[in-house]
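Structural description and commentary
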Amino acid sequence: MIDGPYFWLTVLGVLGTGLVAGVFCGFSTFVMKGLAALPPAQGVAAMNAINVTAVMPAFMLVFVGSAVLCAVLAVVTFVLWPDDGRVELLVGSALYLFGSFGVTMVANVPRNDTLAKLDPGTPEAAAYWPSYIREWTFWNHVRMVASAGSAVAYVLALT
């Protein structure tokens, strides 16, 4: 059984990755559908506003803090090589670091950057909007599943 500070790091890992999974779930299940139902100019403007707000400290603390915590858990697991929970801890860390944080950096952020460069009322924005919604949402589904899987793996490491 995991105990001491390692136990609390893992509990924080469950909490952080689970919170991020919840945010991504909200976007995948209703926010993006609501934005897609708007006229393109309004959807683009709303998503750009959301993207600016998302990088504020409250969300970034949870999102980036969870990545740091997952990295710490992976390093500590490699150093201590515990008998209990080793595989689950490494899987949880990998899922979040690559499937959530990594996918954000290589798939979602570049799309956000492209969208931010477009004036919402232009034909270019209207043309890009449907593919943005489709592709961004697909990668968000990946992030959601990876974050939730990370939380589950950390819970399993605690049992």
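Structural data are supplied above this passage.
Keep in mind it's a predicted model, so treat the numbers as computed, not measured. (Residues numbered from 1 in each chain as written. Predicted model: local features only at pLDDT ≥ 70, side-chain atom pairs only at ≥ 80, totals over all residues. Heavy atoms only, no water.)

Digging into the side chain of Thr104
Looking at the element boundaries, Thr104 is found in helix H4 (residues 86-116). Engagement of the side chain of Thr104 in a polar contact is seen with the backbone oxygen of Ser100, the distance being 2.7 Å. (Helix = DSSP H or I, 4+ residues; strand = E, 2+ residues; numbered from the N terminus. Polar contact = N/O pair within 3.5 Å; in protein donor to acceptor, adjacent residues only side chain to side chain.)

Digging into the nonpolar core
Counting residues in hydrophobic clusters, the biggest one holds 14 residues, and the most contacted among them are Leu73, Leu89 and Tyr96. Secondary structure elements with two or more residues in this core: helix H1 (4-36), helix H3 (57-80), H4 and helix H5 (123-158). Among the elements that make up this core, the one with the highest residue count is H3 (five residues). Contact partners of Leu89, with chain neighbours within four places excluded, come to Ile2, Tyr6, Thr10, Leu73, Thr77, Tyr154 and Ala157. Leu118, Trp129, Ile133 and Trp136 belong to the second largest nonpolar core, which has 13 residues in total. (Core = buried A, V, L, I, M, F, W, Y, C linked by side-chain atoms within 4.5 Å. Buried < 20%, exposed > 50% of the residue type's maximum accessible area, 1.4 Å probe, protein only. Contact = heavy atoms within 4.5 Å.)

Considerations on the packing of H1 against H4
Viewed as axis vectors pointing N to C, H1 and H4 meet at an angle of 35°, and their least axial separation amounts to 12 Å. Relative to H4, H1 is oriented so that their crossing is left-handed. Only Leu89, Tyr96, Ser100 and Thr104 of H4 make contact with H1, whose side of the interface consists of Tyr6, Thr10, Thr17, Val20 and Phe24. Looking at side-chain class alone, the contact of H1 with H4 contains five nonpolar, four polar and no charged residues. (Axes fitted to C-alpha atoms, helices over the stretch in contact; angles between N-to-C directions. Left-handed = near helix turned anticlockwise from the far one by under 90°. Nonpolar A, V, L, I, M, F, W, Y, C, P; charged D, E, K, R; others polar.)

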